[in-house]
Amino acid sequence: MRNEAFDLIMPLVTNFANFKYPLIGIAVFLFFNSARTRAMVIVLGIAVLLSDQTGNQLKHLIERPRPCRELLDVRLLGGCAGSFSFPSNHAANMFAAAAVLSWKYRKPAALFFLAAFTVAFSRVYVGVHYPFDVIGGAVLGVICGAVALACEQWYLPRISHSLEQFTWKRDNESGA
């Protein structure tokens, strides 16, 4: 699968720093756009944070070395991180985001998962993960996205109910 186009594109795709500020800008815009998008941004943040922290814990538990540290013939396109390899947090975070976004916005779901797959593939292509690392990260990410969505489904009705009771009590106490 090695080719000149991928040699140029995949190091850019795999480097989060290339996307950090545009993504933060989009998240801030969406957060202040409407209540629906504000809730989505919060759930998205929880899903990514959950996948990232769970991935870090698993890395230290499993301690699988990266291919760029273990194999002599790895074509490394960029730096080799010092952390462990399994699971891929890039894949976990992207698949967590894809799971949440595809639940909230069904029509472009394939694009969300295509972006997640592209980032996951880039991690193998640049030589910093084994294929199983990104598969494990993808599974972890989807699970974390589903957990965040389930928490939202469980928690939001309780918040709404509490706010309704608070409003009713306040109105009754003021004589309304």
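Residues numbered from 1 in each chain as written. Predicted model: local features only at pLDDT ≥ 70, side-chain atom pairs only at ≥ 80, totals over all residues. Heavy atoms only, no water.

**Student:** Mind showing me how you'd approach the nonpolar core here?
**Tutor:** Side chains that are nonpolar tend, in soluble globular proteins, to be buried together. Ranked by size, the top nonpolar core spans eleven residues in total: Met-40, Val-41, Val-43, Leu-44, Ala-47, Ala-96, Ala-97, Val-100, Leu-101, Ala-148 and Leu-149. Those elements that place two or more of their residues in this core are α3 (35-62), α5 (89-104) and α7 (131-173). By residue number, the principal contributor to this core is α3, which donates five residues. Core analysis: the second largest hydrophobic core is formed by seven residues, Phe-95, Ala-120, Val-134 and Ala-138 among them. (Core = buried A, V, L, I, M, F, W, Y, C linked by side-chain atoms within 4.5 Å. Buried < 20%, exposed > 50% of the residue type's maximum accessible area, 1.4 Å probe, protein only. Helix = DSSP H or I, 4+ residues; strand = E, 2+ residues; numbered from the N terminus.)

**Student:** Looking at this structure, I do not really get helix α6 (residues 109-125). What am I missing?
**Tutor:** It helps to recall that an α-helix has 3.6 residues per turn; residues three or four apart then point in one direction. Its 17 residues give α6 an end-to-end C-alpha distance of 24 Å, which sits within 8% of 24 Å, the value for a rise of 1.5 Å per residue. Those residues of α6 not exposed but buried are Ala-109, Ala-116, Val-119, Ala-120, Phe-121, Ser-122, Arg-123 and Tyr-125. Directly after α6, the chain includes Gly-127, whose backbone phi takes a positive value near 90°. (Expected span 1.5 Å × (residues − 1).)

**Student:** What should I look at first to understand the environment of Val-119 in this one?
**Tutor:** Tracing the chain through its elements places Val-119 in helix α6. Taking the relative accessible area as the measure of exposure, Val-119 reaches 10% and is therefore buried. Considered as a pair, Val-119 and Asn-15 are 104 residues apart in the sequence and their alpha carbons are 9.0 Å apart. Discounting residues that sit within four places of it in the chain, Val-119 has contacts with Val-13, His-90 and Met-94. (Contact = heavy atoms within 4.5 Å.)

**Student:** Looking at this model, I keep getting lost on unusual backbone geometry. Mind explaining?
**Tutor:** A negative phi angle characterises most non-glycine residues, just as the trans form characterises most peptide bonds. The residue after Phe-86, namely Pro-87, is reached through a cis peptide bond having omega -5°. By the secondary structure assignment, Pro-87 is in the loop between α4 (67-70) and α5. Located in the positive-phi region is Glu-63, a residue other than glycine, with phi close to 55°. Note that Glu-63 resides in the loop between α3 and α4.

Read these as geometric descriptors, not functional statements.
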